[in-house]
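Survey of secondary and tertiary structure
Next come the chains, spelled out residue by residue.
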Amino acid sequence: MKVMIRRSPETGLSIYVPKKDLEEPIVETEHETLWGGWIRIANGWVLELPQMAADTRLPITINARKRGGEGDE
């Protein structure tokens, strides 16, 4: 699914899922550099992110894959 990741001074890293009109903060990451691992967002979803350079600039729209069986994509 297409998602946008951005960083704001107030909330830190957050994700926006246009298909669901959902915006949530990122609460946990597998890797400090964010890319190539999973992230957990505040609503409990776990998303797999593609491998990208550690210095990739934000905001960015990417394809992420939802882990687990809850809900639909």
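Residues numbered from 1 in each chain as written. Predicted model: local features only at pLDDT ≥ 70, side-chain atom pairs only at ≥ 80, totals over all residues. Heavy atoms only, no water.

What about the overall build of the chain?
To keep things clear, this is the line we draw: Strands here are runs of E lasting at least two residues and helices are runs of H or I lasting at least four, both read from the DSSP assignment and numbered beginning at the N terminus. C-alpha atoms define the radius of gyration, and 2.2 Å times the number of residues to the power 0.38 defines the globule rule.
Helix and strand counts for the chain stand at 0 helices and 7 strands. The order of helices and strands in the chain, counted from the N terminus, is β-β-β-β-β-β-β. By the compact-globule yardstick of 11 Å for 73 residues, the chain fits well, its C-alpha radius of gyration being 11 Å. For the chain, the spread of C-alpha atoms along the three principal axes comes to 30 × 25 × 20 Å.

Notes on the pattern of salt bridges
As a reminder of what qualifies: Here, a salt bridge means any side-chain nitrogen of Lys or Arg that lies within 4 Å of a carboxyl oxygen of Asp or Glu. When a residue's accessible area, from a 1.4 Å probe over protein chains only, is under 20% of the maximum for its type it is buried; when over 50% it is exposed; and in between it is partly exposed.
Enumeration according to the criterion identifies 3 salt bridges in this entry. When the shortest N-O distance is used, the salt bridge between Glu23 and Arg6 registers 2.2 Å. Taken as a pair, Glu23 in strand β3 (residues 22–29) and Arg6 in strand β1 (residues 2–8) lie far apart in primary sequence, 17 residues in all. The exposure class assigned to Arg6 is partly exposed, which follows from its relative accessible area of 32%.

Digging into the nonpolar core
One broad rule of soluble globular proteins: the nonpolar side chains tend to lie buried together. Our working rule: Here the nonpolar core consists of buried residues drawn from Ala, Val, Leu, Ile, Met, Phe, Trp, Tyr and Cys, with membership extended through side-chain atoms lying within 4.5 Å. The contact rule is simple, with two residues in contact once any of their heavy atoms fall within 4.5 Å.
One finds Ile5, Ile15, Ile39 and Leu49 to be the most contacted residues of the largest nonpolar core, which totals 18 residues. Among the elements of the structure, β1, β2 (12–17), β3, β4 (38–41) and β6 (60–63) are those that each provide at least two residues to this core. Ranked by residue count, the leading element in this core is β2, at 3 residues. Every residue in contact with Ile15, bar those within four places of it in the chain, is listed here: Val3, Met4, Ile5, Leu22, Glu23, Glu24, Ile26, Ile39, Ile41 and Leu47.

Quick look at the pairing of β1
For clarity, the threshold we go by: When DSSP finds two or more bridges between two strands, those strands count as paired.
Strand direction decides the pairing type here: β1 and β6, joined by 4 bridges, are antiparallel. Following the sheet pairing, Met4 is matched in β6 by Thr61. As paired strands, β1 and β2 are joined by 5 bridges and run antiparallel to one another. Note on β2: the bridge partner recorded for Ser8 is Gly12. A loop of 3 residues connects β1 with β2, the two strands running antiparallel in sequence.

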